[in-house]
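Breakdown of the fold
What follows is the residue order along each chain.
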Amino acid sequence: MRGDNYFLVRARLLLAGLKYIVGTQFVQQGNQHYSPFSKGNILIIAPLLLILMIDAGYCDVIRIGVLANRGDQKCRLMWDPTAEYLSNKLPGYTFKIVPLPFEGISAAVKNEEVDFLLTNPSIYVDLEVQYGISRIATLKSKYTKVYPWFGGVIFTRADNPNIFKLRDLINRKFVAVNETSLGGWEVALRELKKAGIEPHRDFAALFFSSNHEAAIHAVLDGKADAGTANTDVFADLLEDGVINLKDFRIIVPEWLNINKDDFPYPVSTRLYPNWPFSKLRGTREDMATKVAITLLGMNADNDATHAADYKGWSYPLNYQDVHELKKELKLGVYKDFNKTSMMMILHEHKGEAFSGLLIFLISLTASAVLAYLYRHSKLTEKALRQSEEKFSRAFRTVPAGLSISSLSDGRYIEVNDTFIRDRGYSREEIVGHRATELDMWVDPAKRVEMLRELQGSGKVLSNKEVKFSTKTGETRTMLWSAELLEFGGEKNIIAISQDITQLREMQRALRKSEEWYRSVIDYTYNWEYWIDDKGNFLYVSPSCKRITGYNPEDFMQDKELLYKIIHPDDMQLFRDHLHLISERGEVVPIDFRIIDAAGNEKWIGHVCQRVEGGNGEMGGRRVSNRDITDRKKIEKEREGLQVQLMQSQKMEAVGQLASGIAHDFNNIVHAIAGYTSLLYDKPSAEDTAREYLKEILELADRATEVTHSLLAFSRKQLINVKPLDLVDVFGRFGKLVPRIIGEDIDVNVELPVGRVVCMADSSQIEQALLNLVNNARDAMPGGGKLTLSVELVEMDNSFIKVHGFGNPGSYALISVSDTGVGMKKEIAARIFEPFYTTKEAGKGTGLGLAMVYGIIKQHEGYITVDSVAGQGTTFKLYLPAVQSDKEMPAKAVETLPHGGTEVILVAEDDDALLKLSEIILTQNGYEVITARDGQEAIDKFIEYKDRIQLVILDMVMPRKSGKEALHDMRRIYPEIKGVILSGYTADRINKDEVRDGHTNLLFKPISPKYLLKKVREIMDTPG
């Protein structure tokens, strides 16, 4: 603690030093015109004056003044652990908390009753202007992730139906914390004024509570319509569960733009730096440095942080925003802001003012010293000894390393206490010895070089950074200044050294942090850039080269380059985005395309953040761009697959409908064709009647083709697959095509050498080819060229990825290409749908291509269409291929049907069809037993099992299906032969049962001749 006469003691020490310097010269030389302010003497005077006038002598107790806004006891409970932390980390010092009320802080600082001060930012900036205190660290709140900021929350109750924005507060009751509270009122006042609200004029009532919690509860309890509180307190109550965010509506000004990643809690105002830990003007710099380093090194989880409920300390932030707030609101020292005052001038130009004041004080002191010396030029020996003792005491206590050594032999003549403490030696180990003997200089060659420079030029060496070694071997970095002076005719070196090891460590740590930050930005995968409000690039990351093909310097030199590379179709999107950022502060990510330096189109995922200047206006943008070209390709492929899936599902649904229609239609056509055939075959039928019957049969055949097409489209028709050589099929089919398609169309059939074999139903494949050829003929009404080809291809993963379909393996590829009218994309997307046709009414059923689609799908193949309006169409059919050496089946020899005498059980739920079957079989010699459902068929089979030789069962019947009835019959008589008739599809019966030699599957409609033929074949087959 400083004594009352500290300034007087300092002045006496200074005078004693000056008397030692010039008094000795006067006595020894008797030179009445000798100037005490030579270069050499100034080197000693200046440090003494600066250190002795600015620095203060300390005893063990260091006092920390703290704003006690919650009372002295609460203040000590919160901050005594921080003082204890500093005391433990800085041995030899005891730190003490001094609680200060609002009204007592200014006087405590003015009278230097404390050495350090911890107070709110509003009070700090006032004292900074008034008394020159300076921040050395800033408090970090436990509620922020990165930066030690805080702000204000303007809020109302969530159920308030009238308040949603700041202007809605007019004519409402408003509660704040304290008129001098920065977070509890002043920061909110700034935003209210920006919204055009004058609280004392526009509020129905404005009152202040005792603390932040009281203000919050005043709104919840309905005592006020709205209020404001500090973000830290609001967040604290949320964390502790005292309040629930759902109960509040936070009012956020439209101009506020704060990144939620940096400040995740509710906030309604601009952010401001938190409480500063500051030193008084008279507090020693070395002590302030130690305290700052110790605070910055504090762990976020210790007793001190828990007691005061904070996170730690950061490097001191810039409090200019608080100055601007107080200027704008004319608060505190800025209440007369528009009036020029000496204090404001000094604050604005404090660097120049300090230098001028220092020069003035030096001049004033020097004049006083000269006058004193002139009056006491004839000193007695006793006075001289007293002067020397005083100088010696001042010399020893200066908090900088002072040394006097001989130039001739390098021995130390005198050193002060700081020099001894910095080097770790005792006085006896230093005085009379050389620096080289003690190995103090880490680099002896540096010492020789500096002494040579000092001796050769005779000039002062100032602030040379050198490294010294202590007695324990520790290396310390110091600023070393020296000059040659003559004492008694012998040249000596006066040197001053200041230990800056900790300062350099802090600087290195800061540089490392900056380098790390720069490396993170420079090597980030994204293309980052910062741009000012004029569009000039302030920084561009190296990743821009990888993404755009341009170097960062290209953007720095040409700010229009960004707009030159944006795809023209996306330029308006980008400009609209910039408008939202600059005018409304909205951060909305967008995707747009660029054209890189190589001419390639790339997709960019763009997000940017508005950066505000000190006046709240937009100061620029911070931007991050990611190359999302690959992602866009994947999304496009996924969209294509989704369309294919939807199309497949739609076709499947239509197929189910077609299958159901085919069943009922088959039964009707079966009955019509059967009865008509019976009449047609009667010898007694008249010729005219036979002609009519023939027409009916032809119509029935056409109806049968329709049902077959429907079944083929729905992929429900049973197919008889065998190894099929497509080269052979095309060889035969190609000869028929010219007769089908007409002479005005040129037909070209391209076949490979060898065989292309697949497992297929020959009749089905030929039917599909016939439909495609007919479709091509209709597409070339004026003639053209038709090309048919077949080849063997491989589907690999790359093929599947490009085309979006397939499974790896060998495929037979059938291509049918025409040079006809082609189709638009929207038409090509629907051509495989049943009943969809572009032909005139009466010229097409719309089932031809649907049938082709069904046949290929039933063969587990794929079909594509590539068509351009006016340029023709190509259909490609992919069928799974097999080895070409598979044994090809021999052609069956047709036989004419004839009757028999066997007993046949016929079961059919359709009376007309049952009667028809009975007539057909009876007229051809067979004995027929009938049943109308599956269970009746089983009962009849049990009754006549010894006589029945064949059962003909409808697939779908009441009580039991034909398949179930046949299964039960075979449990009674395993060898019974059976026929299943179906108007539905092959999926209703197990395929193994079809191939077992005892069961045949026939699809309706069936002609009488074909039925008789199949019955005879089954009956004549052994087993």
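Thresholds, definitions, all that
- Residues numbered from 1 in each chain as written.
- Predicted model: local features only at pLDDT ≥ 70, side-chain atom pairs only at ≥ 80, totals over all residues.
- Heavy atoms only, no water.
- Helix = DSSP H or I, 4+ residues; strand = E, 2+ residues; numbered from the N terminus.
- Buried < 20%, exposed > 50% of the residue type's maximum accessible area, 1.4 Å probe, protein only.
- Contact = heavy atoms within 4.5 Å.
- Areas by Shrake-Rupley, 256 points an atom, 1.4 Å probe, with all protein chains shown as cover.
- Salt bridge = Lys/Arg side-chain N within 4 Å of Asp/Glu carboxyl O.
- Phe/Tyr/Trp six-rings, centres within 6.5 Å; stacked < 30°, edge-to-face > 60°.
- Lys NZ or Arg CZ within 6 Å of the ring centre and 35° of its normal.
- Core = buried A, V, L, I, M, F, W, Y, C linked by side-chain atoms within 4.5 Å.
- Axes fitted to C-alpha atoms, helices over the stretch in contact; angles between N-to-C directions.
- Parallel < 35°, antiparallel > 145°, perpendicular 65-115°, else oblique.
- Left-handed = near helix turned anticlockwise from the far one by under 90°.
- Pairing = 2+ DSSP bridges.
- Expected span 1.5 Å × (residues − 1).
- Polar contact = N/O pair within 3.5 Å; in protein donor to acceptor, adjacent residues only side chain to side chain.

To continue, consider the overall build of the chain. When you go through the chain residue by residue, the secondary structure sums to 36 helices and 35 strands. In the chain, which comprises 1023 residues, the proportion classed as buried is 46%. Contacts spanning at least 24 positions in sequence make up 66% of the contacts within the chain whose residues lie at least 6 apart. Accessible surface for the chain amounts to roughly 52,200 Å². Of this, 52% is attributable to carbon and sulfur atoms.

A positive phi angle, close to 65 degrees, is found at Asn171, a residue other than glycine. Take Asn171: its relative accessible area is 57%, and that puts it in the exposed class. Even without glycine at this site, Lys330 takes up a positive phi of about 55 degrees.

Looking now at the pattern of salt bridges. Considering all chains together, one arrives at 39 salt bridges under this definition. Across the pair Arg777 and Asp778 runs a salt bridge, and its minimum N-O distance is 3.4 Å. Note on Asp778: relative accessible area 35%, which makes it partly exposed. Three or more residues joined by partner-sharing salt bridges are found here, namely Asp409, Arg411, Arg434 and Glu437.

The final tally for this structure, using the stated rule, is 27 aromatic pairs. Plain terms: the ring middles of Phe174 and Trp185 are 6.2 Å apart, the flat faces sit at 55 degrees to each other, and that makes the pair tilted. In this pair, Phe174 is assigned in strand β7 (residues 173–176) and Trp185 in helix α6 (residues 182–194), connecting sequence segments 11 residues apart. Both residues of the pair, Phe174 and Trp185, belong to the buried class. With a centroid separation of 5.3 Å and 50 degrees between ring planes, the pair formed by Trp527 and Phe555 is classed as tilted. Here Phe555 lies in helix α22 (residues 552–557) and Trp527 lies in strand β19 (residues 527–532), a separation of 28 residues in the sequence. Looking at Phe555, the relative accessible area reads 0%, which means it is buried. Put simply, the rings of Trp79, Phe116, Phe277, Tyr310 and Trp313 touch in pairs and so form one group of aromatic residues. Positioned over the ring face of Phe419 is Arg423, at 3.8 Å from the centre of the ring.

It is characteristic of soluble globular proteins that their nonpolar side chains tend to be buried jointly. In this structure, Trp79, Phe95, Phe116, Leu169, Phe277, Val291 and Trp313 are the most contacted members of the largest nonpolar core, which totals 69 residues. Membership of the second largest hydrophobic core comes to 39 residues, among which are Leu769, Met780, Ala828 and Ile856.

Moving on: the packing of helix α8 (residues 212–220) against helix α9 (residues 231–239). Interhelical geometry of α8 versus α9 gives an angle of 70 degrees and a closest axis separation of 10 Å. Regarding the angle of α8 to α9, the classification is roughly perpendicular. Pair α8 / α9 crosses with right-handed handedness. Here His212, Glu213 and Ile216 of α8 lie close against α9, whose contacting residues are Val233, Phe234 and Leu237.

In this section: the sheet that holds strand β9 (residues 226–230). Across the sheet, 5 strands lie side by side as β8-β7-β9-β6-β10; this open sheet has mixed pairing. Edge positions in the sheet fall to β8 (205–208) and β10 (248–250), since each of these pairs with one other strand and no more. For this sheet the average axis-to-axis angle between neighbouring strands, irrespective of direction, equals 25 degrees. In the packing of α9 onto the sheet, the strands contacted are β6 (152–157), β9 and β10, and the crossing angle to β9 comes to about 95 degrees.

Take α6 next. If you check α6, its first and last C-alpha atoms are 17 Å apart, about what 13 residues at 1.5 Å a residue would give, namely 18 Å. Counting buried positions along α6 yields 11 of 13 residues, so the element is predominantly enclosed. Within the span of α6, buried status applies to Leu182, Gly183, Gly184, Trp185, Glu186, Val187, Ala188, Leu189, Arg190, Glu191 and Leu192. Between the side-chain oxygen of the N-cap and the backbone nitrogen of Gly184 there are 2.9 Å, and the N-cap of α6 in question is Ser181. A positive phi of about 85 degrees marks Gly196, the residue just after α6.

Quick look at the sheet that holds strand β31 (residues 903–907) now. A sheet is described by the order of its strands in space; here 5 strands give the open sequence β32-β31-β33-β34-β35, paired in parallel fashion. In this open sheet, the two strands that pair with only one neighbour each are β32 (927–931) and β35 (999–1003). Each adjacent strand pair in this sheet contributes to an overall mean axis angle of 20 degrees, direction not counted. Sheet analysis places strand β34 (residues 977–982) next to β35, joined by 5 bridges and oriented parallel. Each residue of the ladder has a partner; that of Ile980, found in β35, is Leu1001. Against the sheet, helix α33 (residues 934–943) touches β31, β32 and β33 (948–954), its axis set at about 140 degrees to β32. Each of β31, β33, β34 and β35 touches helix α36 (residues 1008–1020); the most contacted strand, β33, lies at about 140 degrees to it.

Moving on, we get to the pairing of β33. Among the 7 residues of β33, 6 are classified as buried, and the element is accordingly described as predominantly covered. Where β31 meets β33, 5 bridges bridge the pair, whose relative direction is parallel. Each residue of the ladder has a partner; that of Val903, found in β33, is Ile948. The sheet contact formed by β33 and β34 spans 5 bridges and is parallel. Across the sheet, Val951 pairs through a bridge with Gly978, a residue of β34.

Regarding helix α34 (residues 962–972), the residues found buried are Gly962, Ala965, Leu966, Asp968, Met969 and Arg970. On its buried face, α34 is in contact with β31, α33, β33, β34 and β35.

Of note, Ser209 is situated in the loop between β8 and α8. For Ser209, a relative accessible area of 17% corresponds to the buried category. Looking at Ser209, its side chain comes within polar contact range of the main-chain oxygen of Asn211, at 2.8 Å. Within the local environment of Ser209, its side chain forms a polar contact with the backbone nitrogen of Ala215, the two atoms lying 3.4 Å apart. Excluding anything up to four places from it in sequence, Ser209 contacts Val175, Ala176, Val177, Ala214 and Ala215.

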